[in-house]
Amino acid sequence: MPPAPDISVIILTLNEERDLPGCLDSLTWCDDIHVVDSGSTDRTAELATAAGATVSVNPFQSFGQQRNWALDHCPLKHSWVLFLDADERITPALLAELTDKTAHAPDGLAGYYLCWALMLGERWLKRSDNFPKWQFRLLRRGRARFTDFGHGQKEDQVEGEIGYIKEPYLHYAFGGGWEVWERRHRKYAKQEAAARLRSDVPLRQIFSRHASRRNPAIKRLVSRLPGWPSLRFFYTYVLRGGFLEGREAWEYCRRLAWYERLIQLEMRQLRHG
């Protein structure tokens, strides 16, 4: 069996007793797991401690701020740091690539983009979710920070290049059912609308090879298109071949259109005070 990579893992949580055990089960190779909790009222902290993780508590302000707080305050053992959410899982194939890429990374590399495989039950919504979507999740300590972007975050203050790890992690975003997903995205829509209205990203960045530069420019453009929610559904379900992924894809794609419509409504309200 190949040696485990020297990577510290940070998991951000809030009331994650349903999903956290699965995430921790995929990290049995890791000897330095940190759970940064936002004040859970369920058994999240208890389950994390029982699994051998170090638990810290910090009130949540934003994803970017919480990740930076974790980098500054967690007693990290290793120079490589991987960020996960409780509903995400590391596969053996991804572990092998993490091991190889961190062991042979050149000095000028600050970190890696990772992508997810969005899972609805046992169905991978590869076409419906426009795979791959890249996020900055693996970094060398002291070589990068995070900044808020929409309802999430992206890399900031990067010292060096960013590479790509192509094997995806599994993302089980629907564990609480559609009601939970929709409630969460109602909140996300407000944050996303504010971010898109503030965006001054040059539209020429649409052609950037880096997703963290390309996606803000795309969002800035499409958010202002009449009928964009319907176009989003057509692009994802028809042109990208989401219809090949069964009933799960239909449910997901139509909710993506609903989410984009919600963002446009929030943008309209913000414009008019």
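Residues numbered from 1 in each chain as written. Predicted model: local features only at pLDDT ≥ 70, side-chain atom pairs only at ≥ 80, totals over all residues. Heavy atoms only, no water.

1. Some points on the overall build of the chain
- Scanning the chain for helices and strands turns up eight helices and 12 strands.
- For the chain, whose C-alpha radius of gyration is 19 Å, the value lies close to the compact-globule estimate of 19 Å for 273 residues.
- For the chain, the C-alpha atoms occupy an extent of roughly 50 × 40 × 40 Å along the three principal directions.
- Of all 273 residues assigned to the chain, the portion counted as buried reaches 50%.
- Across the chain, contacts joining residues at least 24 apart in sequence account for 71% of those joining residues at least 6 apart. (Helix = DSSP H or I, 4+ residues; strand = E, 2+ residues; numbered from the N terminus. Rg over C-alpha atoms; globule rule 2.2 N^0.38 Å. Buried < 20%, exposed > 50% of the residue type's maximum accessible area, 1.4 Å probe, protein only. Contact = heavy atoms within 4.5 Å.)

2. Some points on the pairing of strand β2 (residues 33-37)
- Summarising burial for β2: five of the five residues are buried, a large majority.
- Side chains of β2 alternate between two faces, with Ile-33, Val-35 and Asp-37 and His-34 and Val-36 buried alike.
- Here strand β1 (residues 7-13) runs beside β2; their pairing, made up of five bridges, is parallel. Bridge pairing in β2 links Val-9 to Ile-33.
- Assessed by its sense of winding, the connection that carries the chain from β1 through helix α1 (residues 20-25) to β2 is right-handed.
- Looking at chain direction, β2 and strand β3 (residues 54-57) are connected through four bridges and run parallel. Note that in β3 the partner of Val-35 across the bridge is Val-55.
- Each parallel crossover has a hand, and the one from β2 via helix α2 (residues 44-50) to β3 is right-handed. (Pairing = 2+ DSSP bridges. Right-handed = clockwise from strand over helix to strand, strands pointing away.)

3. Description of the packing of helix α5 (residues 177-198) against helix α8 (residues 246-271)
- α8 packs onto α5 with a crossing angle of 40 degrees between their chain directions and a minimal axis gap of 8 Å. In terms of their interaxial angle, α5 and α8 are classed as oblique. Note on packing geometry: the crossing formed by α5 with α8 is right-handed.
- Per-class residue counts for the contact of α5 with α8 are 14 nonpolar, one polar and 10 charged. (Axes fitted to C-alpha atoms, helices over the stretch in contact; angles between N-to-C directions. Parallel < 35°, antiparallel > 145°, perpendicular 65-115°, else oblique. Left-handed = near helix turned anticlockwise from the far one by under 90°. Nonpolar A, V, L, I, M, F, W, Y, C, P; charged D, E, K, R; others polar.)

4. Side note on the environment of Pro-202
- Within the element layout of this structure, Pro-202 appears in the loop between α5 and α6 (211-222).
- In this structure the C-alpha to C-alpha distance between Pro-202 and Gly-108, which are 94 residues apart in sequence, comes to 27 Å.
- Excluding residues that lie within four positions of it along the chain, Pro-202 makes contacts with Ala-217 and Arg-220.

5. Here's the deal with the nonpolar core
- Counting residues in hydrophobic clusters, the biggest one holds 40 residues, and the most contacted among them are Val-9, Ile-11, Leu-27, Leu-82, Ile-90, Leu-98 and Leu-138.
- Listed by contribution, the elements that provide at least two residues to this core are β1, α1, β2, β4 (80-85), α4 (92-103), β6 (109-120) and α8.
- Sorting elements by how many residues they give to this core places β6 first, with six residues.
- Each of domain 1 (7-171) and domain 2 (177-270) gives at least three residues to this core.
- Setting aside its immediate chain neighbours within four residues, Leu-27 contacts Val-9, Ile-11, Ile-33, Leu-84 and Ile-90.
- Core analysis: the second largest hydrophobic core is formed by 19 residues, Ile-10, Val-36, Phe-131 and Phe-136 among them. (Core = buried A, V, L, I, M, F, W, Y, C linked by side-chain atoms within 4.5 Å. Domains from an automatic or database assignment.)

Note that every value here comes from positions in space, so none of it alone points to a role or purpose.
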